[in-house]
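So you can see what is in the structure, the chains are spelled out below.
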Amino acid sequence: MQDRYFSFEFFPPKTAEGTEKLRNTRAQLAPLKPKYISVTFGAGGTTQQGTLDAVLEIQREGIEAAPHLSCVGSSRESIRAILQQYREGGIRHIVALRGDMPSGMGEIGEFRYANELVEFIRAETGDWFNIEVAAYPEYHPQAKSPRHDLDNFVRKVRAGADSAITQYFYNADAYFRFVDDVRALGVEVPIVPGIMPITNYSQLMRFSEMCGAEVPRWVAKRLESFGDDRESIRAFGLDVVTALCERLLAAGVPGLHFYTLNAAGATKAIWQRLKL
Ligand SMILES: Cc1cc2nc3c(=O)[nH]c(=O)nc-3n(C[C@H](O)[C@H](O)[C@H](O)COP(=O)(O)OP(=O)(O)OC[C@H]3O[C@@H](n4cnc5c(N)ncnc54)[C@H](O)[C@@H]3O)c2cc1C
């Protein structure tokens, strides 16, 4: 139990009110002593300053911060400049991603896939950064085949990643199988499950459709049946996600990474139920 680690993910707020709300969320989650807090990065650099500001503020509060960095639409020069800013800010942990180009926005840029970004970060900065990459137990929605996706994951790790965080999932068996398959290909890095608390039915279905995560039919049906009854959605969501976390922890996962969506309530409630 001791060496398991827990981390929280935020997105950079766009308004002064959002920044205040995030400070409040952090104040509530900091006592849970996360190993680190990560902050997402809008593909094409759309949140570059917001991500930087947020991670620097988190570091100043004494918590390790890990900015996400997505490379689609970027040049080597612009990524080099961002890495330099992080180094100057004392940031040593990064989540390296391809990202998805917002529709209608510019060119693909000089990086096509996350493995190229990982390779670039290592070539430019050696061992300065602890590099995380994304993993997809239910496979990436654009993957040509499960096998192709696994091979691409392995390529990304071999390019220099230290560990991985998964896309969220509600099918624990998909995660266990993914880890077994990756281990069979000789990759030993920790693969930390990404946990998405359930608080909003329509938002969850929309996100899941986009990112290729399956919401099991029985879960979707129950959530749908609650209609606008937010309390019942939250209570049922808490049961489902706590049971998932219990199963993962019992199986010896290296840690859990919570997608907080900048709110403390659901993550804290799961945490308390898990008696962490
Ligand atoms: C933990 C986590 C955090 C995230 N944070 C952010 C964020 O902050 N900002 C953001 O914009 N998005 C974020 N995303 C979403 C992510 O950017 C998208 O899922 C994106 O579509 C893929 O990114 P990736 O890094 O996994 O890509 P890749 O690993 O590059 O994979 C993308 C696709 O290309 C294929 N592929 C990979 N390498 C190759 C290759 N060399 N040749 C051929 N095919 C290849 C893969 O099979 C896959 O289908 C996050 C996702 C996760 C799981």
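- As annotated in an unreviewed UniProt entry, the protein is Methylenetetrahydrofolate reductase from Cupriavidus alkaliphilus.
- The protein has a UniProt comment under Sequence similarities (unreviewed entry) that states "Belongs to the methylenetetrahydrofolate reductase family."

1. Description of the pairing of strand β8 (residues 255-259)
Part 1: β8 sits mainly inside the fold: five of its five residues count as buried.
Part 2: Side chains Gly255, His257 and Tyr259 project from β8 onto one buried face, and the interleaved Leu256 and Phe258 project onto a second face that is buried too.
Part 3: Taken together, the five bridges between strand β1 (residues 5-10) and β8 define a ladder with parallel strand orientation. Pairing of phenylalanine 6 across the sheet is with leucine 256, part of β8.
Part 4: Direction of pairing for strand β7 (residues 191-195) relative to β8: parallel, over a ladder of two bridges. For isoleucine 195, the partnering residue across the bridge sits in β8 and is phenylalanine 258.

2. Regarding the site of the ligand
Part 1: In the vicinity of the ligand, 25 residues are found, and the nearest of them are Phe41, Asp100, Tyr136, His140 and Asp149.
Part 2: Between the ligand and the protein, one listed contact pairs a nitrogen atom with a side-chain N or O atom of asparagine 115 at 3.2 Å.
Part 3: Summarising the interface, the protein chains cover 87% of the accessible area of the ligand, which totals 970 Å² for the free molecule.
Part 4: When residues of the shell around the ligand are traced back to their parent elements, those giving at least two are β3 (65-70), α4 (114-125), α5 (146-158) and β6 (163-168).

3. Considerations on the nonpolar core
Part 1: Ranked by internal contacts, the top residues of the largest apolar core, which has 88 residues, are Tyr86, Phe153, Tyr170, Ile191, Leu248 and Leu256.
Part 2: Examining the composition of this core, we find that nine residues originate from one element, helix α9 (residues 230-250), more than from any other.
Part 3: Filtering out sequence-adjacent residues up to four positions away, isoleucine 191 remains in contact with Ala135, Phe153, Ala164, Thr166, Tyr175, Phe178, Val179, Val182, Arg183 and Pro254.

Cut-offs applied
- Residues numbered from 1 in each chain as written.
- Predicted model: local features only at pLDDT ≥ 70, side-chain atom pairs only at ≥ 80, totals over all residues.
- Heavy atoms only, no water.
- UniProt positions renumbered as here; feature names shortened; annotations may be inferred.
- Buried < 20%, exposed > 50% of the residue type's maximum accessible area, 1.4 Å probe, protein only.
- Helix = DSSP H or I, 4+ residues; strand = E, 2+ residues; numbered from the N terminus.
- Pairing = 2+ DSSP bridges.
- Near = heavy atom within 4 Å.
- Polar contact = N/O pair within 3.5 Å; in protein donor to acceptor, adjacent residues only side chain to side chain.
- Areas by Shrake-Rupley, 256 points an atom, 1.4 Å probe, with all protein chains shown as cover.
- Core = buried A, V, L, I, M, F, W, Y, C linked by side-chain atoms within 4.5 Å.
- Contact = heavy atoms within 4.5 Å.

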